[in-house]
Amino acid sequence: MPPPLQRIGVAGAGAWGTALANAAARAGREVVLWGRDDRAIAAMRATRENRPYLPGVALADGVEPTADAEALAACDAVLLVVPAQASRAAAAELCPHLAPGTPLVTCAKGIERGTSLFMTQVLAEACPQARPAILSGPSFAVDVAAGLPTAVTLAAREPGLAEALAAALGSSSFRLYHSDDVRGVEIGGAAKNVLAIAAGIVGGRALGASAAAALIARGFAELARFGRAFGARPETLAGLSGLGDLILTCSTAQSRNYALGLSLGREGGLHPAGKLAEGALTARVLVAMAQAQGVEMPIAAAVEAVLAGHWNVDQAIGSLLARPQKAEL
């Protein structure tokens, strides 16, 4: 049996990084929480709280905040918790500090712009000495940080790695299902963010619960078509990292992507300053990849057209409602 993954590094001290650090500590692991901002890290060490991102939520015992990237060198696995479009630079920066063969788990949900690469592909290029994996699923940082029951998926192509990581991070309140369908997990997380913007637009326009349900159902059909084109397994797309995450992010303004859509639907506005909506950065590349594969994604395409300024919200809604009658597929 391989040695247990006892010391876990978390690279990224925002809300989600802090939440995952707490989850790993509750699982009995020693946790190094790394961030670049010396003053913010010093404040976390003094107050045992990440007040800018998770006010009122205490850091779990066993979480050691640090601004020294070298501290990650002694970790048995590292979670990379940065936005999708920043993942390449962050992985390249940290790579020299990681021992060869260290599992590096991306926790971002997106597709890299410019390269059309999925997140584990980005890790493989930016840090070839690491063993890439991905964690994704229906989860809000505040819930995970507070120890509320949450279930997600952890995937890796390498036999046994996903299972070992899930065992290391899982606890009575944070349940991880392991998988070797990396592509399916990546696609679920990336596509659902774009579709959640559409769900927010429906909410912002007050189109009703029936329209919201139809949007989620037809959005999932798009996600599934895209996934099949890239070799994802149907059971993965219908699981936590696909349908589960889609339902969560299409249902509440606690989701940044839904909140962006809500703002667009209400007054054509943009997302509040400082709030990153990954779907806004993924929409163009997702739609371009779908078109290249001959995959129909009319909802995602309408979102991309609104974000690009080609259509207003009413034009986007009209285009979807005017589509020809067809069998449900």
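Each chain carries its own residue numbering, running from 1 in the written order of its sequence. Owing to the predicted nature of the model, reporting of local features is limited to residues with pLDDT of at least 70; listing and counting of side-chain atom pairs is limited to 80 or more, with chain, interface and lining totals taken over all residues. Excluding hydrogens and water, the side-chain values take into account all heavy atoms of the structure.

**Considering the packing of aromatic side chains**
Paired rings are identified among Phe, Tyr and Trp, the last through its six-membered ring, by centres lying within 6.5 Å, and are further divided according to the angle between planes into stacked (under 30 degrees), edge-to-face (over 60) and tilted (the rest). Tallying each qualifying case throughout the model produces two aromatic pairs. Arranged with centres 5.9 Å apart and planes meeting at 80°, the rings of F118 and F230 form a pair that is edge-to-face. Of this pair, F118 sits in the loop between strand 5 (103–106) and helix 4 (119–126) while F230 sits in the loop between helix 8 (209–229) and helix 9 (234–237), and the two are 112 residues apart along the sequence. Burial classification: accessible surface area is computed with a 1.4 Å probe over protein chains only, and a residue below 20% of its type maximum counts as buried, one above 50% as exposed, and the rest as partly exposed. Residue class for F118 comes out buried when judged on its relative accessible area of 3%. Exposure remark for F230: the relative accessible area of 23% places this residue in the partly exposed category. An angle of 35° between the planes, with centres 4.7 Å apart, marks the rings of F226 and F230 as tilted. For F226, a relative accessible area of 0% corresponds to the buried category. A connected cluster of aromatic rings, assembled from ring pairs, spans F118, F226 and F230. Under the scheme used here, helices are H or I runs from DSSP no shorter than 4 residues and strands are E runs no shorter than 2 residues, and both carry numbers assigned from the N terminus.

**Looking at the UniProt feature "binding site: NADPH" (unreviewed entry) in the protein**
UniProt positions are given in the numbering used here, feature names are shortened, and annotations may be inferred rather than shown by experiment. Residues annotated in UniProt with the feature "binding site: NADPH" (unreviewed entry) correspond here to W16, R36, Y53, K109, A141, R256, L276 and E278. Spanning 263 residues, the named residues are also spread out in space, since their farthest C-alpha pair is 23.6 Å apart. As for the largest pocket, its lining draws on W16, R36, Y53, K109, A141, R256, L276 and E278 from among the annotated residues. For W16, the location among the structural elements is in helix 1 (residues 15–26). Site definitions follow a grid-based scheme: protein atoms alone, a 1 Å grid, a 1.4 Å probe that fits but cannot get out for cavities, and for pockets an open set with protein on both sides within 12 Å along at least five of seven lines, plus lining residues having an atom within 4 Å of a point.

**Some words on the environment of L286**
Take L286: it is sitting in helix 12 (residues 278–292). By the convention used here, residues are in contact when the closest approach between their heavy atoms is within 4.5 Å. In this view, L286 contacts I111, A191, V194, F226, M297 and A300; residues no more than four positions away in its chain are not counted.

**Points about empty space enclosed by the protein**
Grid points are joined across faces, edges and corners, and a volume is the space filled by probe spheres set on the points. Following the criterion strictly, the structure yields one cavity of 30 Å³ or more and no others. In this structure, the largest cavity encloses a volume near 40 Å³. As for the largest cavity, its lining consists of A23, R26, V144, G147, L148, T150, S171, S173 and F174. Basically, the charged four are Asp, Glu, Lys and Arg, the nonpolar ten are Ala, Val, Leu, Ile, Met, Phe, Trp, Tyr, Cys and Pro, and anything else, Gly included, counts as polar. In the lining of the largest cavity, the residues fall into four nonpolar, four polar and one charged.

**Observations regarding the nonpolar core**
In this description, a nonpolar core means a group of buried Ala, Val, Leu, Ile, Met, Phe, Trp, Tyr and Cys residues linked to one another through side-chain atoms lying within 4.5 Å. I111, F226, L264, L286 and M297 are the most contacted members of the largest nonpolar core, which totals 44 residues. Of all the elements in the fold, those that place two or more residues in this core are helix 7 (182–204), helix 8, helix 11 (256–267), helix 12, helix 13 (298–307) and helix 14 (313–321). Broken down by element, this core gets its largest block of residues, 11 residues, from helix 7. V10, W16, A156 and L169 belong to the second-largest nonpolar core, a separate cluster that totals 42 residues.

**Here we look at the pattern of salt bridges**
Only one rule defines a salt bridge in this text: a Lys or Arg side-chain nitrogen within 4 Å of an Asp or Glu carboxyl oxygen. One pass over the structure, following the stated rule, counts 17 salt bridges. Close ionic contact of R7 with E64 constitutes a salt bridge, the shortest N to O distance being 3.4 Å. In this pair, R7 is assigned in strand 1 (residues 7–11) and E64 in strand 3 (residues 63–66), connecting sequence segments 57 residues apart. Salt-bridge contacts for R36 lead to E93; the nearest nitrogen and oxygen are separated by 2.5 Å. Separated by 57 residues along the polypeptide, R36 in the loop between strand 2 (30–34) and helix 2 (38–47) and E93 in helix 3 (residues 87–94) bring together distant segments of the chain. Take E93: its relative accessible area is 36%, and that puts it in the partly exposed class. Through salt bridges with shared partners, one network takes in R7, E30 and E64.

**Thoughts on the packing of helix 3 against helix 4**
Axis definition: a line fitted to C-alpha atoms, limited for helices to the stretch in contact. Angles are taken between N-to-C directions and run from 0 to 180 degrees. Relative orientation of the contacting elements helix 3 and helix 4 amounts to 35°, with a least axis distance of 9 Å. Once helix 3 is placed against helix 4, the crossing between them reads as right-handed. In this structure, helix 3 uses S87, R88, A91 and A92 to contact helix 4, whose residues at the interface are M119, V122, L123, E125 and A126. Looking at the contact of helix 3 with helix 4 residue by residue, the class counts come to six nonpolar, one polar and two charged. Take the far helix as your reference; a near helix turned counterclockwise from it by less than a right angle gives a left-handed crossing, and one turned clockwise gives a right-handed crossing.

**Observations concerning the state of the cysteines**
Counting rule for disulfides: a pair of cysteine sulfur atoms within 2.5 Å. With the rule as written, the count across this model stands at one disulfide. Covalent S-S linkage joins C95 and C127, the inter-sulfur distance amounting to 2.2 Å. Judged by the torsion about the S-S bond (80°), the C95/C127 disulfide is right-handed. Placement of C95 in the loop between helix 3 and strand 5 and of C127 in the loop between helix 4 and strand 6 (131–136) is noted, with a sequence separation of 32 residues between them. In this structure, C95 and C127 share a single accessibility class: buried. Free cysteine C75: the closest other cysteine sulfur is in C127, separated by 13 Å.

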